[in-house]
Amino acid sequence: MAVTLDDLKGNKQLADRTFRGATLMGGTAIAVILGLISWTIASKSSLAFRTEGLSFFTERRWAPADDVFGALSFIYGTAVTALIAVVLAVPVSLGIALFTTHVAPSWLKRPLVAMTDLVAVVPSVVFGLWGIIFLAPKLVPVFTKLSSWSDGIPILGSIFGKASAGRTFMTAGLILALMIIPIITSISREVILTCPPTDSDGALALGATRWEMITGAVLTHSAGGIVGAVMLGLGRAMGETIAAALVIGSSPAITANLFSSGDSLPSVIAFEWGEATSDTKRSALIAMGLTLFLMTLLVNFIANYVVNRAMKRMRGES
Amino acid sequence: MTTVLESSTGPAPISPLLTDLTTVSTRRRVKNTVMTTLMGMSVAVVAVVLFLVLATVASKGWSIVASEFPQWFTKDIQLSPRRPGPGMKAAIVGTLVATATATAIAVPLGIAGAVYLNEYGKTSLFARTLRFLSNVMAGVPSIVMGLFIYVFWVVPRGVDGLNGFSGALALACLMLPIVVRSTEEMLRLVPQNLRDASLALGATTSRTTLTVVIPRAASGIISGSLLAVARAAGETAPLIFTIGAAKRTNWNPFSGTNTSLSLQIYANAKESFPTAQERAWGAALTLIIVAFMFTFVARALSGRFAKNSTS
């Protein structure tokens, strides 16, 4: 009878507070790790910025032997491959999302969702392996044909220029497109499903065809969320390392020709790390990591903001 | 009655007007058909590409795994990429060790964080900030995670820093936001009246969470964690700088370099020797099977969870 009700209460409160503290630690871990990432990466790249200055971002040459470290061609490569990926992936992803929600019979819906999820499960290095050994050699004749067709046409002619090899900006863009299709599809699908049936049924009742119903009711309703999904896909494509590193060709270049080999930020970090023995070179590679971090951070910030705002508005409306 | 029905279904005098209203102009109908076909084609394109990838990996991988059947899983990796020879045991063990260690770090931490967000923080400014940060962290490129652990953890420890544990730390950073987000989703699905009932019986929030909320959401939480595990098992970039490049089996995460299936695929895919490429396909098949197994179990569990929460 030594334990009184008050004692129990005290114990319980202590236990409760301890538990709360423990969960709080788990939550704070995220903030702490993000802070540590920014701080360590920034401090380690300071050496590169001190020796190169701001020309790090504007210098095209990457010549470790001459101690010239320019990131511009890698930034260009990252942007170009990510853009190709988004341009290719968005129509396909929207097509899949709309097909799943509005065209497919109900028995087909689950297998379709499972299929897109399956693409997400395949490890990126496996896509890279497939791209470098299976896809790249098969793409060379396709690239050659495309460039001979578009030869002489003002803009197309320079975009689809001479194909040097199978490992090009375009190859990397294709593989990245495949890898971001699942994320764009699944978010678009969720957004499209929030479209109130009164809107779509109303459009159909007014005599609209299915496509008119989709453009008139569904897409206008979910435009914001889809833009956010596309931005998230863009962020994913910029940060994806291994698949791009294997198929991009690893020869830094700034050219409009998408059929030329290039290099990107994550890929050069992964490739040159083993040979980076000097402090400056390591620091320059870490500075590239910082650049990549900031680029994806910006894109993801905007994406999260757009998605959240769109989701909130849709919940409020429906 | 019957006459009325018949007159309404039979050819009525207003039929010209009706047909005018119900038919759709050819241009609109064609556009609709074309667009529907395009949607179907985008599904077909992805299905075909996915099939091609899986079929290539399966056929090329199977030929090496099957022809070297027992040795593939029991022998260490051939030292020279040029020479043929069996063995992927070191990589299989390395993947298991690094992923298991990363899971042991990230899953408890992530579940704790999600419990804080959903049971304590709720809509407070701090909780909203954390939720936002976990979304941001989910978007950090995996290679940056690798660089971070290299600078933060490996460099201070010198050569000994390259081991399974360092790799696991990088993988854990990658898994943490995924676990937090999926667990919070699952906790949110637990009906509020269960919590209220438990609290009304005099239980504290901690007791309610541990004995009512988490058991209810358990299969969902496990399924989300398994998806994070599958993701981590397939990652390469965080391991390049952190785990080293071993060819021998090393069960100890805390000392000695290690390797992983994904690293072996990456290293061998860059080689031009056919023996190395064969080895890459074999490792790819092994890795895909591991990733699919985790995903399959996760799907089965989340299916069960969905049934539980609706009943």
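Residues numbered from 1 in each chain as written. Chains lettered and ligands numbered in written order. Predicted model: local features only at pLDDT ≥ 70, side-chain atom pairs only at ≥ 80, totals over all residues. Heavy atoms only, no water.

Quick look at unusual backbone geometry
Most of the time, phi is negative for any residue but glycine, and the peptide bond is trans.
So, point 1. Backbone geometry at Ser250 of chain A places phi at a positive 55 degrees, although glycine is not the residue there.
So, point 2. When you line up the elements, Ser250 of chain A lands in the loop between α10 (242-247) and α11 (265-272).
So, point 3. Here Lys122 of chain B, not a glycine, exhibits a phi torsion of approximately 50 degrees, which is positive.
So, point 4. For Lys122 of chain B, the location among the structural elements is in the loop between α5 (89-121) and α6 (125-138). (Helix = DSSP H or I, 4+ residues; strand = E, 2+ residues; numbered from the N terminus.)

Digging into the interface of chain A and chain B
So, point 1. With 73 residues of chain A in contact, the opposing surface of chain B contributes 74 residues.
So, point 2. In total, chain A and chain B occlude about 6,800 Å² of area from one another, counting both sides; carbon and sulfur atoms represent 81% of this.
So, point 3. Three residues, Phe19, Ile30 and Trp211 of chain A, lead the burial of chain A against chain B; their summed loss comes to 9% of the area buried on that side.
So, point 4. At the junction of chain A and chain B, the tally comes to two salt bridges. (Contact = heavy atoms within 4.5 Å. Buried area = accessible area lost by both parts, 1.4 Å probe. Salt bridge = Lys/Arg side-chain N within 4 Å of Asp/Glu carboxyl O.)

Some words on the nonpolar core
Generally speaking, soluble globular proteins have nonpolar side chains that are buried together.
So, point 1. Core analysis: the biggest nonpolar cluster contains 180 residues, and Val126 and Met288 of chain A together with Ile265 of chain B have the highest contact counts within it.
So, point 2. Examining the composition of this core, we find that 16 residues originate from one element, helix α3 (residues 72-103) of chain A, more than from any other.
So, point 3. Once you skip the residues sitting within four places of it in the chain, Val126 of chain A turns out to touch Val57, Ile265, Ala284, Leu287 and Ile288 of chain B. (Core = buried A, V, L, I, M, F, W, Y, C linked by side-chain atoms within 4.5 Å. Buried < 20%, exposed > 50% of the residue type's maximum accessible area, 1.4 Å probe, protein only.)

Focus: α5 of chain B
Residues and elements named next belong to chain B.
So, point 1. Under the 1.5 Å per step criterion, the end-to-end length of α5 is 45 Å for 33 residues, consistent within 8% with the ideal 48 Å.
So, point 2. Taken as a whole, α5 carries its principal kink of about 25 degrees at Thr103.
So, point 3. In terms of burial, α5 is largely enclosed, as 24 of its 33 residues are buried.
So, point 4. Taken from the residues just after α5, Lys122 is the one with a positive phi, measuring 50 degrees. (Expected span 1.5 Å × (residues − 1). Bend = angle between axes of the 7 residues up to and from the residue.)

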